[in-house]
Amino acid sequence: MEIIKSIKKYANTDRIALKCDGEDLSYKELEDFSEAIAAYLLEINNDKTPIIIYGNKDNLIVPCMIGALKSGRAYIPLDVTFPVERVLTVSDEVHPKVIVNLSDKDNEEFNTDIKVINKEDLKKIINDYKGIEITCDKYVKEDENAYILFTSGSTGKPKGVQISSNNLDNFNKWIIDYLKIDDSGMTVMNQVSYSFDVSVIALYGGLINGATLFSLSKETMGNFKELFEQFSNSNINLWISTPSFVGICLNEDSFNENMMKELDSMIVLGEVLSKNLTKEVMGRFPKMRMMNGYGPTEATVAVTAIDVDDEILEDEKSIPIGYAMDGIEIKIVDKDGNEVEDGEKGEIIMIGKSVSKGYFNNPEKTNEVFYTTKDNERAYRAGDIGYRIDGKIYYCGRKDFQIKLNGFRIEIEDIENNLCRVPNVRNAVVLPVYKDEKIAYLQGVVELKEKNDLSNLKNGMLIKKELEKLIQSYMVPRSIKIVEDFPINTNGKIDRKKLMEEM
Ligand code: AMP
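Now for a quick tour of the structure.

Rules used in this analysis
Residues numbered from 1 in each chain as written. Predicted model: local features only at pLDDT ≥ 70, side-chain atom pairs only at ≥ 80, totals over all residues. Heavy atoms only, no water. Helix = DSSP H or I, 4+ residues; strand = E, 2+ residues; numbered from the N terminus. Rg over C-alpha atoms; globule rule 2.2 N^0.38 Å. Buried < 20%, exposed > 50% of the residue type's maximum accessible area, 1.4 Å probe, protein only. Near = heavy atom within 4 Å. Polar contact = N/O pair within 3.5 Å; in protein donor to acceptor, adjacent residues only side chain to side chain. Areas by Shrake-Rupley, 256 points an atom, 1.4 Å probe, with all protein chains shown as cover. Nonpolar A, V, L, I, M, F, W, Y, C, P; charged D, E, K, R; others polar. Pairing = 2+ DSSP bridges. Right-handed = clockwise from strand over helix to strand, strands pointing away. Phe/Tyr/Trp six-rings, centres within 6.5 Å; stacked < 30°, edge-to-face > 60°. Lys NZ or Arg CZ within 6 Å of the ring centre and 35° of its normal. Expected span 1.5 Å × (residues − 1). Arc of directions from axis to C-beta.

**Observations concerning the overall build of the chain**
Right, on to step 1. If you tally the helices and strands in the chain, you get 16 helices and 26 strands.
Right, on to step 2. In terms of C-alpha radius of gyration, the chain reaches 23 Å, essentially the compact-globule figure of 23 Å for 503 residues.
Right, on to step 3. Along the three orthogonal principal directions, the C-alpha set of the chain runs to about 70 × 55 × 55 Å.
Right, on to step 4. The proportion of buried residues among the 503 residues of the chain is 58%.

**Let's talk about the site of the ligand**
Right, on to step 1. In the vicinity of the ligand, 18 residues are found, and the nearest of them are Gly-293, Thr-297, Asp-384, Lys-404 and Arg-409.
Right, on to step 2. Here a nitrogen atom of the ligand sits 3.1 Å away from a polar atom, N or O, in the main chain of Gly-270.
Right, on to step 3. The fraction of the free accessible surface of the ligand (490 Å²) that becomes covered by protein chains is 97%.
Right, on to step 4. Residue assignment for the shell around the ligand shows that the elements contributing at least two residues are β13 (289-294), β21 (392-398) and β22 (402-405).
Right, on to step 5. With 3 residues, the top contributor of residues to the shell around the ligand is β13.
Right, on to step 6. Class assignment of the residues belonging to the shell around the ligand gives a composition of 6 nonpolar, 6 polar and 6 charged.

**A look at the pairing of strand β10 (residues 212-215)**
Right, on to step 1. Here β10 shows a buried face lined by Thr-212 and Phe-214 and a second buried face lined by Leu-213 and Ser-215.
Right, on to step 2. Bridge analysis of strand β9 (residues 187-190) against β10 gives 4 bridges, and the strand direction is parallel. The residue of β10 that forms the bridge with Val-188 is Leu-213.
Right, on to step 3. Each parallel crossover has a hand, and for β9 linked through helix α7 (residues 199-208) to β10 it is right-handed.

**A look at the packing of aromatic side chains**
Right, on to step 1. If you walk through the whole model with that rule in mind, you get 19 aromatic pairs.
Right, on to step 2. When the ring of Phe-231 is compared with that of Trp-239, the centres are 5.3 Å apart and the planes differ by 45°; the resulting orientation is tilted.
Right, on to step 3. Judged by relative accessible area, Phe-231 falls into the buried class, the value being 1%.
Right, on to step 4. The buried category is assigned to Trp-239, whose relative accessible area is 0%.
Right, on to step 5. We note Arg-289 situated over the ring of Tyr-178; from NZ or CZ to the ring centre the distance is 4.9 Å.
Right, on to step 6. Between the NZ or CZ atom of Arg-478 and the centre of the ring of Tyr-441, over which it lies, the distance is 4.0 Å.

**Focus on α7**
Right, on to step 1. Within α7, 10 of the 10 residues are buried, which leaves the element mostly enclosed by the surrounding structure.
Right, on to step 2. All of the buried residues in α7 are Ser-199, Val-200, Ile-201, Ala-202, Leu-203, Tyr-204, Gly-205, Gly-206, Leu-207 and Ile-208.
Right, on to step 3. Positive backbone phi, at 70°, marks Gly-210, one or two positions downstream of α7.

**Regarding helix α15 (residues 456-468)**
Right, on to step 1. Taking 1.5 Å of rise per residue, the 13 residues of α15 would be expected to cover 18 Å, and the 18 Å separating its terminal C-alpha atoms lies within 8% of that figure.
Right, on to step 2. Turning to α15, its buried residues number three or more, namely Asn-459, Gly-460, Ile-463 and Leu-467. What you see down the axis of α15 is that its buried residues fit within an arc of 100°, all on one side. Those residues of α15 that are exposed and aimed more than 90 degrees away from the buried face are Leu-457 and Lys-465.

This is the structure:
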């Protein structure tokens, strides 16, 4: 894998690979630590079971990822927003031999037979296995999985999107060229959590080119004074995030080209980029290159992109998601799978080398949305609705209950199914509440199994507390309303529209 070769190359320089909360990790350390971790993984088992890495932005996460790749294993990054219970759900699916725990949770909290390694254990491993060289025949290669990202699944269990070394090669070639990442010693923002695929751009695009990744930890993100102070001293050249994160930063008046003097490019991905937000950003950073990228985890991060300029802002009703990347064909099809005319809406399908082999250990879900074409290429039905004019593609929403909330991908049914696991919940509905055409928050509505003496407010709070143990914090609805019965529509289904009106 290109990333392994580059890390070896830059290990001979004094370049810094990662910076986080005042701590640096050099390329030399990244190389040495990842070799040691790979040696350890190869020693404890010979099968190629993926490893789980649980944590946020600790500098040691990346040596674990690279160590996994060097030992021929995929890694599964799970952010600390995952409660332990959800980590164990993934673990039950994957049966890893090791869970690397770089969170603030104690190893005992996992209550599992699987080996859990915390930071201290990891440091010992790095020391004990120092100097053992890993030969390249052991590395992850070709169609083998490099990483598996677990995204929200409608059944209430997350689904693991498998991304191979080949998928990544194809994506990296394009994105590095498109973003003009070079080996001049760039600083790339590393803000997106590793369990979200947008983080792959900084990780691979950056490390392949000897860049320094400037990581923003959860703690930094929760302290705006600290965040903007770090920005001022960061020398970040390339910004990568969701539009939502840019929106948060724009609340600070001094967030502009004077604060981030070295920033010359920004790409946002993962959700709709509004014209208002774009205008504001371009006003604050008038010399910066601004880009919108689009794609699902299932097709390796992004498959279309576009440079946004004044002309687009003036001429277009909405900002296009852009043109298909090299090596990917995008089709817009009607209900019968036939391609529609230019300007007509349909489902977006992507075909080519970046498309995943499917969901881990889940042929049923895989076959629902993935297929192989006559020419033996992988294809993915994204569930996104869009249209194309002169090669330029526009996004206009989803055909299912998948949403984006503050940039996070969520299946509404995932929350509902987990709500139904909470004791005393008979049935549950989750409604997205919109403000300015964007989902502002989620509202839960619940029917109880048995009435009790508690107020609705108290019941709602208790249910939320139980739910927090089952799903990521960003998926938990802001509040839970208790109802006696759900309204039913003519099809005998819960009438979501009516419920929404009653909110
Ligand atoms: P994820 O797998 O988390 O990257 O989410 C993929 C989904 O996010 C896509 O299928 C779209 O629904 C949405 N999405 C990603 N990028 C964009 C974009 N630039 N504009 C609108 N929606 C987007």
